[in-house]
Amino acid sequence: MFKSLLVAWKDVRLFLLDKGDLAFSLLLPVITFVLMYGAFGGQNRFHGTAYIVNEDNNGYYSIMLIDRLKANESLNVVELSTGEANRKLQKSDILMVLFIPDDFSEKLSDGETASLTFKQRGNGGQEGQIVASYIRAAVSSISQELQIQHGLQKTFSGQIPLERITTVVQKYIERNRNHPVVEIEENVLGSQPDPVNQFLPGIVTMYILFAITINARTIVEERKKGTLERLLTTRLTPGQLFSGKFLAGISRGFIQTIILFLLAWAAFHIFTPVSFLEITLICLVFAAAASSLGILIATVVRSEDAATWTAVFITMAMTMLGGTFFTISPGSLMETLSKISLNTYANIAIKSVLIDGKTVSDVWKEIVVLVGASVILLVIGRALFRVLPGGKR
Amino acid sequence: MVTPFLIASHLYKSFNHHKAVNDVSFTIEEGEIFGLLGPNGAGKTTTIRILSTILPPDKGEVIIGGYSIKEHPDTARRLIGVCPQDLALYPELSAMDNLIFFGRMEGLSGKQAREQALINLELVGLSERAKEKVEKYSGGMKRRVNLAIALMGNPKILFLDEPTVGIDPQSRNNIFETILSLCDKGVTILYTTHYMEEADRLCQRVAIMDAGQIVAMDTPYKLKSQIGDPEKTTLEDVFLKLTGRTLRD
C-alpha cells in the first residue's frame, strides 16, 4: 500500500509540474466559469427590462405605476415613444411592450375601469412573460388601493373632505408597504438557486471526468516509454502499480475539485462549510469512479491517440447524458439513457446538496451507484491490466 | 565446482506464433561480464525480459542466485537490476528524485534511498547536477542516469540492454568504467550491445543470438579463433559470418 501511495504521489507531482496539463485541468474550467459569470452577470435573481410607452403624459396614476416598477430591483424600466416601440417590435429587438393609454389616469380618477395593453411578438419571450407578471402585480396593487380609496370616499362622502381621505389612505398604504402584515422570508440553505448553481456541478464533473480519463494517455505513454516495465523489475508488484495509478487518478481529480470549488466559492459565494465538505466527499467518490474508468481505458487501448479519443468520446457522451448543460425531463427517454452515465449521479448528488440543501445521507443512492461503478470498473481493469502484452498481471 | 549465478535453460517464448526465443540456454558465473549479441529482432530484449521476471517464458527455467524465478520471483527480483534499452525515467523530475523514487520502489527507506542515490550519482559522474531536471540533460547524461537507477537496489546481477546507444565517447567511457568497477565489486553483468568492440573489450564470454536462438557462445578470443587469426579478426567478422549480411528490421 505504501508503495502504491509513492507511485500516486509521483504522478501527482508530475501533474503539478506539467504546466500544460495543469492549465488544461484548471484554466479551462475557470474560463468556463468566467463565461458563465459574464453570461449571468453574477446575479442571483431575475433581472429584466420593462419597455413602456406612456401615452398618458404627466398622468398621476401612470407616473405612479412607472415609479413602482422602477422601485422593483428586478426591473429596469425603459420608456419608449409609440413609433420607436412599434419599430423595435417589428425588428424583434424587443418582444414585449406595455402601452399605457392617454386616458389611463383620467378614468381611474373618475372611478372608471381603465385598461393597459401588452403588445408582444409571439409569447413575448421568457423574460417578457416574467416582466409582465411584475407589471400585473404592480397594477393589481394600485387597483386595490384605488378601490379602497373610492369605497371610503363613497362611504364618508360629505362627512370627511376628499383630500383628507386620500391623505389617510396613502399614509396607511405607505405604512403597510414599509411594514407589511405578511412578511416573506427567503431561507436558502447552502446557496441560492441561481444559474451558476445549476451549471457548476455539471461543469466541474465534466472537467474532472475529462482530466482523469485523458490521464489514460499518460499511462499508455509510460507503458510505451518503458517506465511501467522498469517499475516491475523493482520490488513493486503489478497490483501495487495498478493501485498506485488508481490512487493517482483520485488524487488528481480531488486536487482539481478542491481548487475549482474554492475558486467557485470565491467568485460566487456559494457553499456553507458543511455543504463544501459534503460536495467534496461526493466529488471524491466520483473521482474514484472516473479514475477506474481511466485505468480501464489505459488497459484496453494500445496507443496514446486511441486513449485520447476514447477519453474525449466518453466525456462528451457522458456530458450530454449527464444533464451538464440542460435539465433532463423526468420520465423522458433521455432520463433513462442518462442512467448509464456516471456524471448523472454525481450531478444529481451535488445539485441536491448545493441547491436543495440536502445532506450526503439524502443522496446515498447516488453515492452507492458511484462506488459500485468504481468497484466494477476496477475489477475489470485489474483483470485486464498488463504492462506488456503477454506479461504478468 | 562453483554453481553459476544465473542459469537459463531451454527458454521458449512466442508471440502470435512467432518464436521470439527458441530454446535458449546459457549460464553466467558470479562476477562475470557476459555479452549477449545479435542483430535486431534476434530475441535479446525478450530474453532479458524473461530473466527480469517481467515476461513469463512459455517453457524453460531460470535460476538466479539459487532461486527459480518461477517459484521465488520476489526473492530472485531482489538480486536483479535492469537498465533497459529505452530511457525509462521521468524527465520532468531531477536525477536525484528519479533515483530516490526507484530506490523507494526497491524497498529502501527515504534516508537509505537518498544515500544510495548520492553514491550512484557520484559513480556515474552526475553529483554536481543531481538536482537538475533530467529533461535538461544531454543524451549521454540521461543514459548515465538510466544506469544509476538500475543500481538503486544494490543488485547482485545487472542486465544492461544496450546502455551506450547514441551517446558521446565521454559518457560511453564513464559507463564502461562504472561497469568495470561494479565487476570488481563482484556484481555479475549481462550486457547486450550492437557495438562489437564494446563486447570484445568488456565481456569475458559472449553469446551470439539470431532468430531466437544462440548460434555461438564462447570467449571473444576463441570465437575469433574459429574463423581466423584472433589477433587480426574482429568480433564483428565473427558476428557477420554467423548471422549473415542480410539487413534486419
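On a predicted model such as this, the values are computed, not experimentally measured, just so you know.

**A few points about the overall build of chain A**
And step 1. A tally of helices and strands in chain A yields 16 helices and 4 strands.
And step 2. Over its C-alpha atoms chain A spans a radius of gyration of 31 Å, topping by over 25% the 21 Å that the globule rule assigns to 393 residues.
And step 3. A principal-axis box enclosing the C-alpha atoms of chain A has dimensions of 110 × 45 × 40 Å.
And step 4. Scored against the burial criterion, the 393 residues of chain A give a buried share of 39%.
And step 5. Nonlocal contacts in chain A, meaning residues at least 24 apart in sequence, comprise 76% of its contacts between residues at least 6 apart.

**Brief notes about the overall build of chain B**
And step 1. For chain B, the count of helices and strands is 9 helices and 10 strands.
And step 2. Computed over C-alpha atoms, the radius of gyration of chain B comes to 18 Å, within 12% of the 18 Å expected from 2.2 N^0.38 for 249 residues, which places it in the range of a compact globule.
And step 3. For chain B, the spread of C-alpha atoms along the three principal axes comes to 50 × 45 × 40 Å.
And step 4. The burial tally for chain B puts 47% of its 249 residues in the buried class.

**Focus on the confidence of the model for chain B**
The predicted coordinates should not be examined in detail at positions where pLDDT is low.
And step 1. In this model, chain B carries an average pLDDT of 88, and 97% of its residues clear a pLDDT of 70 or more.
And step 2. Per-element confidence in chain B ranges from a low mean pLDDT of 78 for helix α9 (residues 235-243) of chain B to a high of 94 for helix α3 (residues 95-105) of chain B.

**A word on the interface of chain A and chain B**
And step 1. Contacts between chain A and chain B engage 21 residues on the former and 22 residues on the latter.
And step 2. The set of elements that each furnish at least two residues to the side of chain A that touches chain B consists of α1 (2-17) and α10 (227-231) of chain A.
And step 3. Considering each element in turn, the side of chain A that touches chain B owes the most residues, 5 residues, to α1(A).
And step 4. For the side of chain A that touches chain B, the residue count by class is 7 nonpolar, 6 polar and 8 charged.

**Description of the domain arrangement of chain A**
And step 1. Taken domain by domain, chain A comprises domain 1 (2-41 + 192-384) and domain 2 (48-178).
And step 2. For domain 1 of chain A versus domain 2 of chain A, the distance between C-alpha centres works out to 52 Å.

**Here's the deal with the pairing of strand β1 (residues 6-15) of chain B**
Residues and elements named next belong to chain B.
And step 1. When β1 meets strand β2 (residues 18-28), the two strands line up antiparallel, connected through 8 bridges. Of the residues in β2, the one forming a bridge with A8 is F26.
And step 2. The turn linking β1 back onto β2 is made up of 2 residues, and N16 within it adopts a positive phi angle of 50°.
And step 3. Of the strand pairs in this sheet, β1 and strand β4 (residues 59-64) are connected by 5 bridges, and their pairing is antiparallel. If you follow L6 over to β4, its bridge partner there is I64.

**A few points about the packing of α3(B) against helix α5 (residues 139-150) of chain B**
All names here are of chain B.
And step 1. In the contact formed by α3 and α5, the axes pass within 9 Å of each other and the chain directions differ by 25°. The angle between the axes of α3 and α5 places the two elements in the roughly parallel class. Where α3 crosses over α5, the two elements pack in a sense that is right-handed. On α5, the residues touching A95, N98, L99 and F102 of α3 are V145, A148 and I149.
And step 2. Looking at the contact of α3 with α5 residue by residue, the classes come out as 6 nonpolar, 1 polar and no charged.

**Considerations on the sheet that holds strand β3 (residues 96-100) of chain A**
Residue and element names in this part refer to chain A.
And step 1. Spatially, the 4 strands line up as an open sheet ordered β2-β1-β3-β4, and their pairing is mixed. A single partner strand is all that each edge strand has here, and the edge strands are β2 (75-79) and β4 (117-120). If you compare each strand with its neighbour and ignore which way they point, the axes differ by 30° on average.
And step 2. Taken together, the 5 bridges between strand β1 (residues 48-54) and β2 define a ladder with parallel strand orientation. Its bridge partner lying in β2, T49 is registered against N76.

**What about the confidence of the model for chain A?**
And step 1. On average, chain A scores 83 in pLDDT, and the residues at 70 or more come to 92%.
And step 2. By mean pLDDT, helix α2 (residues 19-40) of chain A is the weakest element of chain A at 74, and β3(A) is the strongest at 92.

**Remarks on α5(B)**
And step 1. Over its 12 residues, α5(B) runs 17 Å from end to end, which matches the ideal 16 Å to within 8%, given 1.5 Å per residue.
And step 2. Along α5(B), 9 of the 12 residues are buried, which leaves the element largely enclosed by surrounding structure.

**Describing unusual backbone geometry**
All names here are of chain B.
And step 1. A positive phi angle is found at H17, which is not glycine, with a value near 70°.
And step 2. As for its position among the elements, H17 is in the loop between β1 and β2.
And step 3. Its identity as a non-glycine residue notwithstanding, N154 has a phi of 50°, on the positive side.
And step 4. Note that N154 resides in the loop between α5 and β7 (157-161).
And step 5. Judged by the 17 C-beta atoms lying within 10 Å of it, N154 is partly exposed.

**Observations concerning helix α6 (residues 125-155) of chain A**
Residues and elements named next belong to chain A.
And step 1. With 31 residues, α6 extends 44 Å from end C-alpha to end C-alpha; this agrees with the ideal 45 Å at 1.5 Å per step.
And step 2. The set of residues buried in α6 consists of G128, V131, I135 and A138.
And step 3. Those residues of α6 that are buried lie in contact with β1, α3 (60-71), β2, β3 and β4.

**A short note on the nonpolar core**
And step 1. Membership of the largest hydrophobic core comes to 143 residues, with the highest contact counts inside it found for I208(A), F286(A), A289(A), L99(B) and I189(B).
And step 2. Sort the elements by how many residues they give to this core and helix α12 (residues 273-300) of chain A lands first, with 14 residues.
And step 3. Grouped together as the second largest cluster of nonpolar side chains are 23 residues, I52(A), L95(A), F99(A) and V131(A) included.

**A few points about the sheet that holds strand β5 (residues 67-68) of chain B**
Residues and elements named next belong to chain B.
And step 1. Judged by pairing direction, the sheet is antiparallel, and its 4 strands sit side by side in the order β2-β1-β4-β5 without closing on themselves. Single-partner strands in this sheet number two, and they are β2 and β5.
And step 2. Pairing geometry for β4 and β5, over 2 bridges, is antiparallel. Counted as the bridge partner of I63 is S68 from β5.

**Digging into the packing of α6(A) against helix α7 (residues 162-178) of chain A**
What describes two packed helices is the angle between their axes and the distance between those same axes.
Residues and elements named next belong to chain A.
And step 1. Following both chains from N to C, one finds α6 and α7 inclined at 145°, their axes separated by 10 Å at the closest point. Crossing of α6 over α7 shows right-handed handedness. On α7, the residues that touch E145, I148, Q149, L152 and Q153 of α6 are L162, I165, T166, V169 and I173.
And step 2. For the contact of α6 with α7, the per-class residue count stands at 6 nonpolar, 3 polar and 1 charged.

**Some remarks on the environment of E73(A)**
And step 1. With respect to the element layout, E73(A) can be found in the loop between α3 and β2.
And step 2. Once the C-alpha coordinates of E73(A) and G48(A) are considered, the two residues, 25 residues apart in sequence, prove to be 9.6 Å apart.

**A few points about the environment of T243(B)**
And step 1. Within the element layout of this structure, T243(B) appears in helix α9.
And step 2. Apart from the residues within four sequence positions on either side, T243(B) is in contact with G38(B), P39(B), I208(B) and D210(B).

Basis of the calculations
- Residues numbered from 1 in each chain as written.
- Chains lettered and ligands numbered in written order.
- Predicted model: local features only at pLDDT ≥ 70, side-chain atom pairs only at ≥ 80, totals over all residues.
- Helix = DSSP H or I, 4+ residues; strand = E, 2+ residues; numbered from the N terminus.
- Rg over C-alpha atoms; globule rule 2.2 N^0.38 Å.
- Buried ≥ 20, exposed ≤ 12 C-beta atoms within 10 Å, placed from the backbone.
- Contact = placed C-beta atoms within 7 Å.
- pLDDT = per-residue confidence, 0-100.
- Nonpolar A, V, L, I, M, F, W, Y, C, P; charged D, E, K, R; others polar.
- Domains from an automatic or database assignment.
- Pairing = 2+ DSSP bridges.
- Axes fitted to C-alpha atoms, helices over the stretch in contact; angles between N-to-C directions.
- Parallel < 35°, antiparallel > 145°, perpendicular 65-115°, else oblique.
- Left-handed = near helix turned anticlockwise from the far one by under 90°.
- Expected span 1.5 Å × (residues − 1).
- Core = buried A, V, L, I, M, F, W, Y, C linked by C-beta atoms within 7 Å.

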